[in-house]
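Listed here are the chains, written in short residue letters.
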Amino acid sequence: LAAAFVGILDNAAALATDLGLAEGDRPPPSAARIFLEASRRWGDAAPARMRGPFAAVVTDGETVRATRDPLGLRCLFYRRDPRGIFVATELKQVMAGCERPLTPDLDVVEAIVFGEYDDDTPTAIEGGERVPRGVTVRLRGSSAARHRYWDPRAIMETGRYEASELQDRFDGLMARAAERALLGDDVISLSGG
């Protein structure tokens, strides 16, 4: 197997421990290594255990599994071509790899402008495809099969908090979300609009 990973794996240390990759006081292995081992052990269920904004690919040389985080914060595109399967984080990389021009699909561009699109809307460039959020696309030859790994109903929590507790609970969750998203060299831009 070979794997590529881009983004942030929030629970890298926990996954490394679960997979037997943690070694004493050493930092966890790379996210790509963790994803590779998780894919080997858990197959298509591996992305459901991963937290954070990510896009990842794993292949055995014949089948390619491409996946994105549940919220779609990272992009991942692909094309099935007579010369092979091309996968990248930018559609222009995919099209350059298979030597296809960047020809806009004007119907899709119009749908995007007017907000009439969803996960099944084609890309704005003819011939490219997008991996939907929370989905693993299994590519082999000219076939593509989608597997939705993300089902938020399985992890939904119901909290019964008093009105006096809500502010502290919100502040704690917001701080945790900000810690996960910020890397230390971030820039925050605020708009008055």
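Note that the structure is a prediction, hence the values are computed from the model and not measured.

Inspection of every chain in the model, using the stated rule, returns one cavity of 30 Å³ or more. Of the voids in this model, the largest cavity is the one considered here, and its volume is about 40 Å³. Taken together, Phe-35, Ser-39, Gly-43, Asp-44, Pro-47, Val-58, Arg-65, Thr-67 and Thr-136 make up the full set of residues lining the largest cavity. Taken together, the elements giving at least two residues each to the lining of the largest cavity come down to helix 2 (31-42) and strand 3 (63-68). The class makeup of the residues in the lining of the largest cavity is three nonpolar, four polar and two charged.

The next point concerns unusual backbone geometry. Within the chain, Glu-99 stands out as a residue other than glycine whose phi angle is a positive 55°. Mapped onto the elements, Glu-99 comes out in the loop between helix 3 (91-97) and helix 4 (106-113).

Bringing a negative patch on the surface into the picture now. On the surface, Glu-162, Glu-165, Asp-168 and Asp-171 cluster together into a negatively charged patch. Here Glu-162 is to be found in the loop between strand 8 (143-148) and helix 5 (163-181).

Further remarks concern the sheet that holds strand 4 (residues 77-81). If you trace the three strands from one edge of the open sheet to the other, you get 5-4-6, paired in antiparallel fashion. The open sheet has two edge strands, strand 5 (84-88) and strand 6 (129-130), and neither has a second partner. The pairing of strand 4 with strand 6 spans two bridges and is classified as antiparallel. Bridge assignment links Phe-77 to a residue of strand 6, and that residue is Arg-130.

Cut-off values and rules
Residues numbered from 1 in each chain as written. Predicted model: local features only at pLDDT ≥ 70, side-chain atom pairs only at ≥ 80, totals over all residues. Heavy atoms only, no water. 1 Å grid on protein atoms, 1.4 Å probe; cavity = no way out; pocket = protein on both sides within 12 Å on 5 of 7 lines; lining within 4 Å. Points joined across faces, edges and corners; volume = space filled by probe spheres on them. Helix = DSSP H or I, 4+ residues; strand = E, 2+ residues; numbered from the N terminus. Nonpolar A, V, L, I, M, F, W, Y, C, P; charged D, E, K, R; others polar. Patch = residues over 30% accessible without salt bridge, like charges linked within 9 Å, V, L, I, M, F, W, Y side chains within 5 Å. Areas by Shrake-Rupley, 256 points an atom, 1.4 Å probe, with all protein chains shown as cover. Salt bridge = Lys/Arg side-chain N within 4 Å of Asp/Glu carboxyl O. Lys, Arg positive; Asp, Glu negative; His and termini not counted. Charge placed at Lys NZ, Arg CZ, Asp CG, Glu CD. Pairing = 2+ DSSP bridges.

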